[in-house]
Structure formats: C-alpha cells, structure tokens
Amino acid sequence: MNGASWADQWDNSAKGGCIGGGAVVESSVGGAASNSKTAKYKEKLGQGLDKTKAVASSGFKKLKTGSAMGFRWVKDKYHKTTNKH
C-alpha cells in the first residue's frame, strides 16, 4: 500500500490521498434535470424520515405506557403480600 488509508482513497475532496485527487464528476448537458431528480429524491427521503420518526415516537409512547403499567402491577402485588397483618 502507498500509505493512504481506506478513507483517504475514497475521499471526494480535492485534498484526498487518492492519486488524481477527488471524485470523478460527470459533465452533462442535462444538469437541471439531475438537480430536479435530486430534489425529488431528497423530498421523498425527508418524507420517509418523518414517517419513521412518527412511528418510532408512537412505539416509544406505547412502550413507556406498557412498562409503567407493568411496574405499577408489580408494585401493587408486592404491597398486597407485604401489608398482611
């Protein structure tokens, strides 16, 4: 190996350790079309992440409620067995 780490070889910046420096950039006439596709992709990705966040939040609330009910049940059972006179 020539001393460059794996991360340096795949670095997209011009100062990366790769000989020839940086990523290969495709130049095309349809630059506006690719920007449009990128914007649509980012929008869909953002919507997906919003949905994921909502589902995770809902699941966490259910977990929190269920565990609180379980601890309360255990606490009540413990008090019933220890408070006998």
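Before reading further, recall that the structure is shown in the block above.
Let me begin by describing the structure that accompanies this report. (Residues numbered from 1 in each chain as written. Predicted model: local features only at pLDDT ≥ 70, side-chain atom pairs only at ≥ 80, totals over all residues. Heavy atoms only, no water.)

Structural notes on the overall build of the protein chain
Just so we agree on the cut-off: Secondary structure follows DSSP: runs of H or I at least 4 residues long count as helices, runs of E at least 2 residues long count as strands, and numbering of each begins at the N terminus. Summary of the burial criterion: residues with accessible area below 20% of their type's maximum are buried, those above 50% are exposed, and those between are partly exposed, where the area comes from a 1.4 Å probe applied to protein chains only. Method for areas: the Shrake-Rupley scheme with a 1.4 Å probe, in which residue coverage is limited to the protein chains shown.
Tallying secondary structure elements over the protein chain gives 2 helices and 0 strands in all. Across the 85 residues of the protein chain, 2% fall into the buried class. Put simply, the protein chain shows about 8000 Å² of open surface, and 62% of that area lies on carbon and sulfur atoms.

Re a nonpolar patch on the surface
Note the threshold: Patch criteria: residues need more than 30% relative accessible area and no salt bridge. Like-charged residues are merged within 9 Å; nonpolar side chains of Val, Leu, Ile, Met, Phe, Trp and Tyr are merged within 5 Å. Within this document, salt bridges are pairs made up of a side-chain nitrogen of Lys or Arg and a carboxyl oxygen of Asp or Glu, the two lying within 4 Å of each other.
Together, Y41, L45 and L49 make up a nonpolar patch on the protein surface, roughly 340 Å² of accessible area in all. On the basis of relative accessible area, L45 is assigned to the partly exposed category, the value being 42%.

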